[in-house]
Amino acid sequence: MGTVSDVAAHTHDGIDWATRLTTMRRGDELDADTNRAVARRLVRALPDHPTVVDVGSGAGGMGVAFAEALAARGGGTVVLVDAVPELLDAATTATRAAAAHETAADHAVRVRPVLADLATERPADIAGPAHLVWASGVVHHLPDERRMVADLVAALAPGGWLALREGGLTTRFLPWDLGVGEPGLADRLAHARAEWFVRMRESMPGAVRLPVGWNVVLAEAGLAEVTSFSNLVDRPAPATQAVREWAVDQLRWLADVGGDRLHPADRHTLTRLLDPADPAYLALRDDVFLLSATTVYVGRKP
Ligand SMILES: C[S@@+](CC[C@H](N)C(=O)[O-])C[C@H]1O[C@@H](n2cnc3c(N)ncnc32)[C@H](O)[C@@H]1O
């Protein structure tokens, strides 16, 4: 399927991120309201004309949200860091468009892209000092997560904030019984994905286990005022076309990472659900939805 490659082109996780651009854009579209709320909340605590660094910026959903939030409070700089050129280009284009759209002349938002592998280049050297470092779903793709967090803290100006979006609840989007194959497919997919995740981390050269939760990691990295908050994304059924397309992408990804860990009967069910010519095609269903909860861990550099 080309989603998970044998050889990582730019990163350390074996994932071919460039092929995920369309999926990531769809996710950003569905998360836009949540992203806006998170960005507004985080920039509220920053000084005037701050620098916000978004590491592992993906398709640019939060870059856009930060550009809008900064424009609304007098401007600043958004630095986008990613190892994958196709994603960094997409994030830069989207964030610059948001900055241009929202910005009055005296509220300018600058956008600076930085192409870099976070495992080999220190954020402090390429993107600091920052008043806010935002890292969503990226630290767990680095071999040594504790070291990565320490590197992100090093990129903060004194008094600056680190915000990690990690964890939360498993995203749900399928009814319990699809009427095709055995009931409970969503749980078996989640189980297979969890196993894949363990192997994905183990197989990174230089991988180090992280035997504690993120609040402990932030506190150990020297941050104060460590806390977390969570956001719900709730797109009920019957879902919009955007949710249906996202659900097909998501199911394809879960089928891909689940691979041989899934029972052949479930793999057969997935083939049917993912076939646009099959009456069981997922996007035709009126009972697909999107329900997810994401957690943001924050801490302040003394
Ligand atoms: C799960 S995506 C998260 C994207 C975005 N932050 C979000 O929350 O939607 C992980 C991102 O981290 C980037 N990434 C993974 N490993 C990286 C590395 N070693 N250096 C820089 N970026 C990396 C990927 O290219 C991708 O954009």
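Given the structure is predicted, the values throughout are model-derived calculations rather than measurements.

### Thoughts on the site of the ligand
In step 1: Taken together, 20 residues lie around the ligand, and Thr-11, Gly-56, Gly-58, Ala-83 and Ser-136 are the ones closest in.
In step 2: Here the shell around the ligand is composed, by residue class, of nine nonpolar, nine polar and two charged.

### Considering the packing of helix 1 (residues 21-43) against helix 8 (residues 241-258)
In step 1: The geometry of helix 1 relative to helix 8 is characterised by a closest axis approach of 10 Å and an angle of 135° between their N-to-C directions. In terms of their interaxial angle, helix 1 and helix 8 are classed as oblique. Our pair here, helix 1 against helix 8, has a crossing hand that is left-handed. Contacts between helix 1 and helix 8 involve Thr-23, Arg-26, Gly-27, Glu-29 and Leu-30 on the former and, on the latter, Ala-242, Val-243, Glu-245, Trp-246, Asp-249 and Trp-253.
In step 2: For the contact of helix 1 with helix 8, a count of residues per class yields five nonpolar, two polar and four charged.

### Remarks on the nonpolar core
In step 1: Core analysis: the largest hydrophobic core is formed by 60 residues, its most contacted members being Val-53, Phe-66, Ala-67, Leu-132, Val-133 and Leu-162.
In step 2: Of the residues forming this core, the biggest block, eight residues, is contributed by helix 2 (residues 61-71).
In step 3: Among all residues touching Val-53, those that are not within four sequence positions of it are Val-79, Val-81, Pro-123, Ala-127, Ala-130, Val-133, Trp-134 and Ala-155.
In step 4: Grouped together as the second largest cluster of nonpolar side chains are 21 residues, Leu-30, Leu-185, Val-243 and Leu-273 included.

### Notes on helix 8
An α-helical turn contains 3.6 residues, so a residue and the one three or four places further along point in the same direction.
In step 1: The end-to-end C-alpha distance of helix 8 is 25 Å, a good match for the 26 Å that 18 residues give at a rise of 1.5 Å each.
In step 2: Listed in full, the buried residues belonging to helix 8 are Val-243, Arg-244, Trp-246, Ala-247, Gln-250, Leu-251, Leu-254, Ala-255, Val-257 and Gly-258.
In step 3: Tucked inside the fold, the buried residues of helix 8 contact helix 1, helix 6 (185-202), strand 7 (224-235), helix 9 (264-273) and strand 8 (290-300).
In step 4: Where helix 8 terminates, the next one or two residues include Gly-259, which has phi positive at roughly 45°.

### As for unusual backbone geometry
In step 1: Look at the link from Ala-237 to Pro-238: it is a cis peptide, with omega at 0°.
In step 2: Relative to the assigned elements, Pro-238 resides in the loop between strand 7 and helix 8.
In step 3: Of note, His-49 is a non-glycine position whose phi angle comes to about 50°, a positive value.
In step 4: Take His-49: it is sitting in the loop between helix 1 and strand 1 (51-55).
In step 5: A residue is classified by how many C-beta atoms lie within 10 Å of it, and His-49, with 16 of them, is partly exposed.
In step 6: A positive phi angle is found at Glu-225, which is not glycine, with a value near 55°.
In step 7: Relative to the assigned elements, Glu-225 resides in strand 7.

Rules used throughout
- Residues numbered from 1 in each chain as written.
- Predicted model: local features only at pLDDT ≥ 70, side-chain atom pairs only at ≥ 80, totals over all residues.
- Near = placed C-beta within 6 Å.
- Nonpolar A, V, L, I, M, F, W, Y, C, P; charged D, E, K, R; others polar.
- Axes fitted to C-alpha atoms, helices over the stretch in contact; angles between N-to-C directions.
- Helix = DSSP H or I, 4+ residues; strand = E, 2+ residues; numbered from the N terminus.
- Parallel < 35°, antiparallel > 145°, perpendicular 65-115°, else oblique.
- Left-handed = near helix turned anticlockwise from the far one by under 90°.
- Contact = placed C-beta atoms within 7 Å.
- Core = buried A, V, L, I, M, F, W, Y, C linked by C-beta atoms within 7 Å.
- Buried ≥ 20, exposed ≤ 12 C-beta atoms within 10 Å, placed from the backbone.
- Expected span 1.5 Å × (residues − 1).

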